[in-house]
Amino acid sequence: MKLLIDDAHIDAIEKICELFPVAGVTTNPTILAKIGGNPFDTLKEIRSLISEEADLHVQAVSRRADDIVAEARHITDILGANTFVKIPAVPEGFKAMKTLLETSEILVTATAVYTPLQAFVAGQCGAAYVAPYVNRIDNMGFDGIRVTREIKEIFSANIMETEIIAASFKNAQQLLELCKCGVGAATLAPEIFYAMINNSAIDSAVEHFVDDFESFAGKDKTMLDFQ
Ligand code: G3P
């Protein structure tokens, strides 16, 4: 399962890239609104930080299919290879996906996915990824993990190449459940990255090892001080 960062703050992205194996960054209009200014300034900075090979997902905001297609071309013209255009999985979005599939090599991520059949239709329309919103589905009283698992089963049963990029996580437990069933990718807000690894019991165990070493070797000594 590839891990992506669902955020546009450069300092947060930089720190997470230092610590974690990151395959790319996803954004949406709400995330870009937190930064403000020209969205392409932000996106170009993210692109230069994560390298040309990493995935960058950018959402089109037009409502009509023709405009979505034009926006998709504009986004990929500016941001280059490995840019996925996020298109909402709604009727005009499906129409745009079909046009892009027939007329371009633009990679599409179908977004705002709440149901398995929405994902199925997006996959049939040529989406490379579908993004089920795990926590938002939970918040509606349904089961986001179950929906995501069902999407995985549908793609497998119908021999579809569309991958899942699970999105909208509130906690690391939701991510754990999807790791166990091996979805293609998950995009996480910075706090979920840290929730995966922050654990006071582990910190305490590591501190205890350091204390024991220093008890015989001396303060701040490490293996480098010995031959
Ligand atoms: O990018 C779409 C998705 O990640 C939204 O997440 O946290 O706003 O529900 P959230």
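Counting restarts for each chain, with residues numbered from 1 along the sequence as it is written. Given that the model is predicted, a residue must reach a pLDDT of at least 70 before its local features are reported, and side-chain atom pairs must reach 80 or more before they are shown or counted; all residues, however, enter totals for whole chains, interfaces and linings. As a rule here, side-chain values cover all heavy atoms of the structure and leave hydrogens and water aside.

1. Let's talk about the overall build of the chain
Counted only if it meets this: Every helix listed is a DSSP run of H or I at least four residues long, and every strand listed is a run of E at least two residues long, numbered separately from the N terminus. What makes two residues a contact is simply this: any of their non-hydrogen atoms within 4.5 Å. The Shrake-Rupley method, run with a 1.4 Å probe sphere, supplies the accessible areas, and residue values consider only the shown protein chains as cover. Positive charges come from Lys and Arg, negative ones from Asp and Glu, while His and the chain ends are left out of the count. Every charge is mapped to an atom, namely NZ of Lys, CZ of Arg, CG of Asp or CD of Glu.
Counting secondary structure elements, the chain contains 11 helices and eight strands. Here the C-alpha coordinates of the chain stretch approximately 70 × 40 × 30 Å along the principal axes. Taking as baseline every contact in the chain between residues at least 6 positions apart, the subset at least 24 positions apart corresponds to 58%. Element-wise, carbon and sulfur atoms account for 54% of the exposed surface of the chain, whose accessible area totals about 12,200 Å². Of the side-chain charges in the chain, 19 are positive and 32 negative, and the distance between the mean point of each set is 7 Å.

2. A look at the pairing of strand β8 (residues 185-188)
In plain terms, the rule: For each residue, the accessible area found with a 1.4 Å probe, counting protein chains only, is set against the maximum for its type, and the residue is called buried under 20%, exposed over 50%, and partly exposed in between. Strand pairing requires that DSSP identify at least two bridges connecting the strands. Handedness of a crossover is defined as follows: orient the strands so they point away from the viewer, and if the path from the first strand over the helix to the second runs clockwise, the crossover is right-handed.
Both faces of β8 are covered, namely the face carrying Ala185 and Thr187 and the face carrying Ala186 and Leu188. In this sheet, β8 lies alongside strand β1 (residues 2-6) in parallel orientation, the contact comprising four bridges. Residue pairing for β8: Ile5 is matched across the bridge by Leu188. Of the pairings in the sheet, the one linking strand β7 (residues 163-166) to β8 comprises two bridges and is parallel in character. Counted as the bridge partner of Ile165 is Ala185 from β8. Assessed by its sense of winding, the connection that carries the chain from β7 through helix α9 (residues 172-181) to β8 is right-handed.

3. Points about the site of the ligand
Note the cut-off: Only heavy atoms are used to decide nearness, and a residue is near a molecule or strand if one of them lies within 4 Å of it. Residues adjacent in sequence count toward polar contacts only when both atoms are side-chain atoms; beyond that, a polar contact is any pair of N or O atoms within 3.5 Å, and within protein one must be able to donate a hydrogen and the other to accept it. Amino acids outside the nonpolar list (Ala, Val, Leu, Ile, Met, Phe, Trp, Tyr, Cys, Pro) and the charged list (Asp, Glu, Lys, Arg) are all regarded as polar, and Gly is one of them.
Residues in contact with the ligand, as listed here, are Asp6, Asn28, Lys86, Tyr133, Arg136, Ala167 and Ser168. Between the ligand and Arg136, the relevant distance is 2.7 Å, taken from an oxygen atom to a side-chain nitrogen or oxygen of the residue. The protein chains hide 75% of the 310 Å² of surface that the ligand would expose on its own. Looking at the shell around the ligand residue by residue, the class counts come to two nonpolar, two polar and three charged.

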